[in-house]
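So you can see what is in the structure, the chains are spelled out below.
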Amino acid sequence: MAIEKIAILGGGMGALTAAWYLSDQPGWRERYRITVYQQGWRLGGKGASGRNALQAERIEEHGLHIFFGTYQNTFRMLRAVYDEMGRAPGTPLATWQDAFKRQDYVVLAEPVAGGWRPWHMLFPERPGTPGEGSIPSLWQMTLTLIDWIGDWVGQLELLAPGGMCVPSEGAPATATGARDILRAHDMLKALAGSLPADPRIHLASQHALLARAFEGLRMRVRAAYPGSGRANLQDSDQLRRLRVAVEIGSTVLQGVFADGVLRKGFDTINEFDLRAWLARHGGDRELCLDSTPVRAAYDMLFAYEDGDFAKPNMEAGTDLRIMMRCSLGYKGAFMFKMQAGMGDTVFAPLYQVLRARGVEFRFFHRVEELVPDGAAVGSIRMVRQAELARCDYDPLVDVKGLPCWPAAPLFEQLDQAQAALLREHGVDLESYWSDWDALHQARLGRPLPAITLEQGKDFDHVVFGIPVASLPLLCPRLLERNPALIACASQLRTIATGAYQLWMTPGVEELGWTTRPQGQQPVLTAFSSPYDTWAPMDHLLPREGWEAGSVPGSLHYFCSALPVPPMAPRSDSAYPARCAALARRAAIDQLEGRIGALWPAIGKQGFRWQWLVAPPRTEGQARFEHQFWRANVNPTDRYVLSVAGSTRYRLGAGESGFVNLYLAGDWLKTGIDAGCIEAATMGGMQAARAMTGHPALIEGEDDF
């Protein structure tokens, strides 16, 4: 039997997951030859990170990456990766438990009375370990939410026994109290609990009854606990937040029962934006639609058209699916923080294991176009960005005993004339707008080598693991032949994101953030935009290369959607710099104008630039130049939105319309249908399954 050649284009999570499962079957080398082609010097895609050798081997990321405890497929694979890698006990990140630590502490920045108040949340430990067993069913999660609403109403009764309504003078005291609401809730709970475990066989009339009952419950709560009375919702954080929780929870349950979501799946309401859907089912403007938890849901998924924070847009079904799975279906911990850069924790181990298995990697190969031949991909045009000084490229560097991706190519392994030119001009080989081709021609007198892979000779099958924003750029002739592919490329919208990192001399507590439940630092979101999400990441400092006595006091990550001009033509090589300048300006504006809301110790003096770690004799705002910021504007870096009505245009991995082309990534129809590492993993699994039948099970592909 002839060995089939598989070309995997791209090195993000979807592509590498496909490589993992294609090489995860006994005897695969007798059937396949797998080659991964990667632009530039490192793997990781949107999750890539790099070590800056010029600045203490510090970790520089595309943004803040945190895994949720509901990422079953990703954790299952990474646990297997770490087991197969077999690092010696006591070495850095020897096991997956060393690489991922629980994160239960989450904070929402709540705007109240013209200021910001932290809404502290500590998620309880749940049974199980991520990657083991299965996530709770949709019906189990629904019953859990019903229980939570009962708990919230009970807490309301403790805060304000009998409710908050004060009858007018001489009128009878007829206000509905929390005890009456709890009795109504218990009846609802009993009714729901009496139904079969599979909601698909429930009667529509049963769900209609539950929808009306939850609407009635919400009306009772509103009557008993209005926005004013003996206590004011602005003055009592606990009371206000319980009211928000009950309002959102009861509105969601009313809606999912009324619209048949629990019988037909979340996609049935994806024609609506989340806020529009909540309003359709009577959600209060202040306590639901404009509430901090709902705003956090948009922030979490960068859900703003064109990166414009005035244009929130998120499919109702997609968002509710994710929020229910993350908050009601996690294993062990709500979230997990990586204990090094994402490249160090995820992509270096994946690379090492795949390489040991026999998967081949070709770095510095930039894809130019996939060319059709009838119903197949007939050829793939590429450019080789750099020649190697030896036969193979060894991409990792050692930082304190941990294999890591560098933030720049390892120039000593490249052709020295090219390496000198790359260094002299600071060429970014990962940039779509790089002028490297013209520079190479002008200075070295020859073009970069063009390579054409041919079907039947160099490949039999292709895995397109490059994000959807690149489809029109790399596959124009394929799109001409497939309306579904055209629709996918045109209807799935993408946006730029921005991130910055600060290395500071004061510790987090010195800045005024003193809350550390279970010793954990916060992950905070729903703050002012841009950069609505913040996380101190001090645990990474020991993984960096700071000399004794010079270790920073704290490390801070910020990220969000980023408003930038529309994508410029490839010839506009200055476009990335203009966008990076916007990312920088937004960061400085936040530090100068708004950061005191998070770090109250700043006081009236405002942010002090001398707090930033920088070389001696660097003064004032110039110290910011020695931090790290990034505008993720490359087609391969842009975040894929899930705007209302867009999921129906997503494709499965085997639905490219070409017999030898398979798709991989978080932009596919995975059952999550939003940008995240778990969706990318599932997209890669789909690609491997479409080609080989393995893996048979991808957890969470549908709602049931």
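What you see is a predicted model, and the numbers here were worked out from it, not measured in a lab.

Broken down by element type, the protein carries 20 helices and 24 strands. In terms of overall size, the protein behaves like a compact globule, its C-alpha atoms giving a radius of gyration of 26 Å where 704 residues would be expected to give roughly 27 Å. In terms of overall dimensions, the protein has C-alpha extents of about 95 × 65 × 50 Å along its principal axes. The buried share of the protein, reckoned over its 704 residues, is 59%. Here the analysis covers contacts within the protein between residues at least 6 apart in sequence; of these, 73% occur between residues at least 24 apart. When the accessible surface of the protein is summed, it comes to about 26,700 Å², and 52% of that surface belongs to carbon and sulfur atoms. When the 70 basic and 77 acidic side-chain charges of the protein are each reduced to a single mean position, those positions are 1 Å apart.

An order of E10-E2-E1-E16-E24 is seen for the five strands of this open sheet, with the pairing classed as parallel. Looking along the sheet, the strands with just one partner apiece sit at the ends: strand E10 (360-363) and strand E24 (661-663). Averaged over all adjacent pairs, the angle separating strand axes in this sheet is 20 degrees, with direction ignored. Summarising the sheet, strand E1 (residues 4-9) and strand E16 (residues 461-464) pair through four bridges and their orientation is parallel. Across the sheet, residue Leu9 finds its bridge partner in E16, namely Phe464. Lying over the sheet, helix H1 (residues 13-22) contacts E1, strand E2 (32-38), E10 and E16, oriented at roughly 155 degrees with respect to E1. Across the sheet, helix H20 (residues 677-692) is in contact with E1, E2, E16 and E24; its angle to E24 comes to roughly 150 degrees.

This next bit is on helix H6 (residues 204-224). The end-to-end C-alpha separation of H6 is 30 Å, in line with the 30 Å expected for 21 residues at 1.5 Å each. Summarising the contacts, the buried residues of H6 are in contact with helix H4 (138-159), helix H5 (178-193), helix H7 (237-258) and helix H8 (261-264).

Our next topic: the sheet that holds strand E12 (residues 376-384). Here three strands make up an open sheet; going across it, the order is E11-E12-E15 and the pairing antiparallel. Looking at which strands have only one partner, the edges of the open sheet turn out to be strand E11 (365-373) and strand E15 (450-454). Taken over all neighbouring pairs, the strand axes of this sheet differ in orientation by 20 degrees on average, direction set aside. Sheet topology note: the E11/E12 ladder contains eight bridges and is antiparallel.

This part covers the pattern of salt bridges. The full count for this structure, using the stated rule, is 48 salt bridges. One salt bridge in this structure joins Asp237 and Arg241, with 4.0 Å as the shortest N-O distance. Pair noted here: Asp237 and Arg241 are both in helix H7, with a separation of four residues, about one helical turn. In this structure, Arg243 engages Glu247 in a salt bridge whose closest nitrogen and oxygen atoms are separated by 3.9 Å.

Before going further, it helps to spend a moment on the packing of aromatic side chains. The full count for this structure, using the stated rule, is 37 aromatic pairs. Ring centres of Trp139 and Phe257 lie 6.2 Å apart, and the angle between their planes is 85 degrees; on these two criteria the pair is classed as edge-to-face. In this pair, Trp139 sits in helix H4 while Phe257 sits in helix H7, placing the two residues 118 residues apart along the sequence. The aromatic ring of Trp503 is capped on one face by Arg58, whose charged end is 4.1 Å from the ring centroid. Its end group placed over the ring of Tyr298, Arg275 keeps NZ or CZ at 4.5 Å from the ring centre.

For the pair H4 and H5, interaxial distance at closest approach is 9 Å and the crossing angle is 170 degrees. With respect to each other, H4 and H5 are oriented roughly antiparallel. When H4 is examined against H5, the residues Trp139, Leu143, Ile146, Asp147, Ile149, Gly150, Val153, Gly154 and Glu157 are found in contact with a partner set consisting of Ala178, Arg179, Ile181, Leu182, His185, Lys189, Ala192 and Gly193. In terms of residue class, the contact of H4 with H5 is built from nine nonpolar, four polar and four charged.

Attention now moves to H5. Residues spaced three or four apart along an α-helix face the same direction, because each turn holds 3.6 residues. Between its first and last C-alpha, H5 extends 22 Å over 16 residues, near the 22 Å set by a 1.5 Å rise per residue. For H5, the complete set of buried residues consists of Ala178, Ile181, Ala184, His185, Leu188 and Ala192. For H5, the arc enclosing every buried residue in end-on projection is 120 degrees, short of the 170-degree limit, so these residues lie on one face. For H5, exposure combined with an orientation more than 90 degrees from the buried face picks out Arg179, Met187 and Gly193.

Here Tyr225 lies in the loop between H6 and H7. Separated by 69 residues in the primary sequence, Tyr225 and Leu156 have C-alpha atoms spaced 8.6 Å apart.

Attention shifts here to the pairing of E16. Along E16, one buried face is formed by His461 and Val463 and the opposite face, lined by Val462 and Phe464, is buried too. Pairing geometry for E16 and E24, over three bridges, is parallel. Bridging from a neighbouring strand, Val462 pairs with Leu661 of E24.

A separate point is the confidence of the model for the protein. Summarising the model, the protein shows a mean pLDDT of 95, and 97% of its residues fall at 70 or more. In the predicted structure, residues 166-175 sits below a pLDDT of 50 and forms four contacts with residues beyond four places in sequence or in another chain.

Attention shifts here to the packing of H1 against helix H2 (residues 72-85). At their nearest, the axes of H1 and H2 sit 12 Å apart, and the two run at 60 degrees to each other. One way to sum up the angle between H1 and H2 is to call them oblique. Taken as a pair, H1 and H2 cross one another with a handedness that is left-handed. Residue-level inspection shows Met13, Thr17, Trp20 and Tyr21 of H1 in contact with H2, the latter providing Thr74, Met77, Ala80, Val81 and Glu84. Classifying every residue of the contact of H1 with H2 gives six nonpolar, two polar and one charged.

Basis of the calculations
- Residues numbered from 1 in each chain as written.
- Predicted model: local features only at pLDDT ≥ 70, side-chain atom pairs only at ≥ 80, totals over all residues.
- Heavy atoms only, no water.
- Helix = DSSP H or I, 4+ residues; strand = E, 2+ residues; numbered from the N terminus.
- Rg over C-alpha atoms; globule rule 2.2 N^0.38 Å.
- Buried < 20%, exposed > 50% of the residue type's maximum accessible area, 1.4 Å probe, protein only.
- Contact = heavy atoms within 4.5 Å.
- Areas by Shrake-Rupley, 256 points an atom, 1.4 Å probe, with all protein chains shown as cover.
- Lys, Arg positive; Asp, Glu negative; His and termini not counted.
- Charge placed at Lys NZ, Arg CZ, Asp CG, Glu CD.
- Pairing = 2+ DSSP bridges.
- Axes fitted to C-alpha atoms, helices over the stretch in contact; angles between N-to-C directions.
- Expected span 1.5 Å × (residues − 1).
- Salt bridge = Lys/Arg side-chain N within 4 Å of Asp/Glu carboxyl O.
- Phe/Tyr/Trp six-rings, centres within 6.5 Å; stacked < 30°, edge-to-face > 60°.
- Lys NZ or Arg CZ within 6 Å of the ring centre and 35° of its normal.
- Parallel < 35°, antiparallel > 145°, perpendicular 65-115°, else oblique.
- Nonpolar A, V, L, I, M, F, W, Y, C, P; charged D, E, K, R; others polar.
- Arc of directions from axis to C-beta.
- pLDDT = per-residue confidence, 0-100.
- Left-handed = near helix turned anticlockwise from the far one by under 90°.

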